[in-house]
Amino acid sequence: MSDFQLKYLADKVHVHRWPKDSPDWDESTIVQLDKTINKNLEKKQIVVGESIIQIQTIKFYSIKKVGVTVPLFKDECTMIFEAKFGELFAHVHVTIKNENYLDIFNQLISWRKKYFPSNEDNQ
């Protein structure tokens, strides 16, 4: 494993169960995600590694279907991906509002191309 890491502060993160036919999340998981990520208005620490994305203290792995965009008319970058945390499946939306949002976009695109080359075929 290498020491590759990208670190960002995200303005908004939303994690929800996906796919819809995956096992339901228990109430304590939902409360934990709401408290630390979904309904927490503070910026969230994002650490992007080769095959893991950590948001606050939660590590997401088995990452797939990574999308990175710059929405029209907004000075921000958005990353969306599917992953697992623990034994649960999730769909994660990360929004980064930063004056260097285009640099962040390019770094995330380079990361995706390097570590998830098969993702390019699915776009």
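Basis of the calculations
- Residues numbered from 1 in each chain as written.
- Predicted model: local features only at pLDDT ≥ 70, side-chain atom pairs only at ≥ 80, totals over all residues.
- Heavy atoms only, no water.
- Core = buried A, V, L, I, M, F, W, Y, C linked by side-chain atoms within 4.5 Å.
- Buried < 20%, exposed > 50% of the residue type's maximum accessible area, 1.4 Å probe, protein only.
- Contact = heavy atoms within 4.5 Å.
- Salt bridge = Lys/Arg side-chain N within 4 Å of Asp/Glu carboxyl O.
- Helix = DSSP H or I, 4+ residues; strand = E, 2+ residues; numbered from the N terminus.
- Phe/Tyr/Trp six-rings, centres within 6.5 Å; stacked < 30°, edge-to-face > 60°.

Participant: An account of the nonpolar core is requested, with residue identities and associated values reported.
Facilitator: Residues Ile55, Phe60, Met79, Phe81, Val94 and Leu108 are the most contacted members of the largest nonpolar core, which totals 33 residues. Not counting residues up to four positions away in its chain, the partners in contact with Met79 are Val48, Ile53, Val66, Gly67, Val68, Val92, His93, Val94, Leu108 and Trp111.

Participant: Break down the pattern of salt bridges for me, with residues and values.
Facilitator: The tally for this structure, following the rule as stated, stands at five salt bridges. The residue Lys39 makes a salt bridge to Asp34 at a minimum N-O spacing of 3.8 Å. Looking at Lys39, the relative accessible area reads 63%, which means it is exposed. Of the residues examined, Asp34 reaches a relative accessible area of 22% and is grouped as partly exposed. A salt bridge links Glu76 to Lys97; the nearest nitrogen and oxygen atoms lie 4.0 Å apart. Here the residue Glu76 occupies a position in strand S6 (residues 76-85), and Lys97 occupies one in strand S7 (residues 88-97), the gap between them amounting to 21 residues.

Participant: Tell me about the packing of aromatic side chains, and name the residues and values.
Facilitator: Per the stated rule, a full pass over the model turns up five aromatic pairs. Taken together, a centroid distance of 5.4 Å and an interplanar angle of 85° make the contact between Trp25 and Phe85 edge-to-face. Pair noted here: Trp25 is in the loop between strand S2 (12-17) and helix H1 (27-38) and Phe85 is in strand S6, with a separation of 60 residues, a long-range link. Residue classification places Phe85 among the buried residues on the basis of a relative accessible area of 8%. Taking the centre distance of 5.4 Å and the plane angle of 55° together, the rings of Phe60 and Phe85 count as tilted. With a gap of 25 residues between them, Phe60 in strand S5 (residues 58-69) and Phe85 in strand S6 connect regions that are remote in the sequence. Just as Phe60 is buried, Phe85 falls in that class too.

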